[in-house]
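# Fold and contact review
Next come the chains, spelled out residue by residue.
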Amino acid sequence: TLKYDQDCQDCRRLIEESRQKSGKEDKRGTALALYRTQKYAAAIVKLEELAKDDPEDAEIRSYLAKSHYEHGLELYRQEDYLKARDAFQATLKYDPRCEKCAQNITKSEDMFKDRHYRQGLADFQQEKLTEAIAQWELVYKLDPNYRDVQRNLEKARTLLKRLESIKRSQTPAN
């Protein structure tokens, strides 16, 4: 029979290495299970932990790319366009050859700009100037040359200032 010698430095080192290896395998298994069950955001967290320990692990990098990409598609379907764009950009970090990523980044930004531009128009037509300005500012930050966003912002801001000035002039002095 074998007996454990607590004073054996090599024994303690080997046991610790075994525990660490087992822990990494558990983390890897958990991360891959999350990916297979389409829990991409959670998989990314676990995969990132593994990548910190071994940044050159090709399998982990591959699953990180796939997870970010699939998460981007989920976010796009949920119409969270800028987060989708960010997920596609993160994909490129792990897979610079991702052919669809550039397309999806552009598509996500275009959908974001179109949605907020149109909402700004609707708000403006309903005389919700503050809301229209807020919508158009989102578009302007992303693309100052988008359609007539700069002109619309100037028009809405000027109109809002005039209306506020009229309201102030009509308020009796105390």
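Here, the structure is the one placed above.
Residues numbered from 1 in each chain as written. Predicted model: local features only at pLDDT ≥ 70, side-chain atom pairs only at ≥ 80, totals over all residues. Heavy atoms only, no water.

## What to know about a negative patch on the surface
Rules: Nonpolar side chains (Val, Leu, Ile, Met, Phe, Trp, Tyr) within 5 Å and like charges within 9 Å form the patches, drawn only from residues with over 30% relative accessible area and no salt bridge. With residues, only the protein chains shown are counted as cover, and all accessible areas are computed by Shrake-Rupley using a 1.4 Å probe. Salt bridges are counted wherever a side-chain nitrogen of Lys or Arg sits within 4 Å of a carboxyl oxygen of Asp or Glu. The sign given to each residue is positive for Lys and Arg and negative for Asp and Glu; His and the chain ends receive no count. A charge is said to be at NZ when it belongs to Lys, at CZ for Arg, at CG for Asp and at CD for Glu. Numbering of helices and strands starts at the N terminus; helices are DSSP runs of H or I of at least 4 residues and strands are runs of E of at least 2.
Judged by side-chain charge, Glu49, Asp53, Asp54 and Glu56 come together as a negatively charged surface patch. Tracing the chain through its elements places Asp53 in helix H2 (residues 40-53).

## A look at helix H5 (residues 99-125)
Operational definition: Multiplying one less than the number of residues by 1.5 Å gives the expected span of a helix. Relative accessible area decides the class of each residue, using a 1.4 Å probe on protein chains only: under 20% of the type maximum gives buried, over 50% gives exposed, and in between gives partly exposed. Whether two residues are in contact is decided by their heavy atoms: any pair within 4.5 Å suffices.
The end-to-end C-alpha distance of H5 is 40 Å, a good match for the 39 Å that 27 residues give at a rise of 1.5 Å each. Within H5 the residues assigned to the buried category are Cys101, Asn104, Ile105, Ser108, Phe112, Lys113, Asp114, His116, Tyr117, Gly120 and Asp123. The inward-facing, buried residues of H5 contact helix H3 (58-77), helix H4 (81-94), helix H6 (129-142) and helix H7 (149-170).

## A short note on the pattern of salt bridges
Scanning the entire structure with this criterion turns up 13 salt bridges. Put simply, Lys113 and Asp110 hold a salt bridge, and the shortest N to O gap is 3.7 Å. Of this pair, Lys113 and Asp110 are both found in helix H5, 3 residues apart, which corresponds to roughly one turn of the helix. Look at Asp110 and you get partly exposed, because its relative accessible area is 37%. Here Asp114 ties to Arg118 by a salt bridge, and the two come within 3.0 Å at their closest N and O atoms. With Asp114 and Arg118 both in helix H5 and 4 residues apart, this pair spans about one turn of that helix. Salt bridges sharing partners connect three or more residues here, namely Arg28, Asp57 and Glu59.

## Some points on the side chain of Asn104
How we decide: In protein, a polar contact means a hydrogen-donor-capable atom and an acceptor-capable atom, both N or O and within 3.5 Å, with residues adjacent in sequence counting only if both atoms are side-chain atoms; elsewhere, any N or O pair within 3.5 Å suffices.
By the element assignment, Asn104 lies in helix H5. A polar atom in the side chain of Asn104 sits 3.0 Å from the side chain of Tyr69. Aside from chain neighbours lying at most four places away, what touches Asn104 is Tyr69, Leu73 and Phe88.

## Structural notes on the state of the cysteines
Note the cut-off: Any two cysteine sulfur atoms lying within 2.5 Å of each other are counted as a disulfide.
The full count for this structure, using the stated rule, is 1 disulfide. With a sulfur-sulfur separation of 2.2 Å, Cys98 is cross-linked through a disulfide to Cys101. The sign of the S-S torsion, about 85 degrees, decides the handedness of the disulfide formed by Cys98 and Cys101: right-handed. Taking the relative accessible area as the measure of exposure, Cys98 reaches 15% and is therefore buried. Residue classification places Cys101 among the buried residues on the basis of a relative accessible area of 0%.

## Topic: the nonpolar core
Our working rule: Remark: nonpolar core denotes a set of buried residues (Ala, Val, Leu, Ile, Met, Phe, Trp, Tyr, Cys) joined through side-chain atoms within 4.5 Å.
Within the largest apolar cluster, 15 residues are counted, with the highest numbers of intra-cluster contacts made by Tyr35, Ala43, Leu47, Ile60, Tyr63 and Leu64. Listed by contribution, the elements that provide at least two residues to this core are helix H1 (9-36), H2 and H3. The biggest single contributor to this core is H2, with 6 residues. Not counting the four nearest positions on each side in its chain, Tyr63 is found in contact with Leu32, Tyr35 and Leu47.

## Considerations on unusual backbone geometry
A negative phi angle is the norm for most residues apart from glycine, just as the trans form is the norm for most peptide bonds. In this structure, Glu79 takes a positive phi of about 65 degrees despite not being glycine. Residue position: Glu79 is located in the loop between H3 and H4. Not every positive phi belongs to a glycine, and Arg147 is a case in point at roughly 35 degrees. Relative to the helices and strands, Arg147 is located in the loop between H6 and H7.

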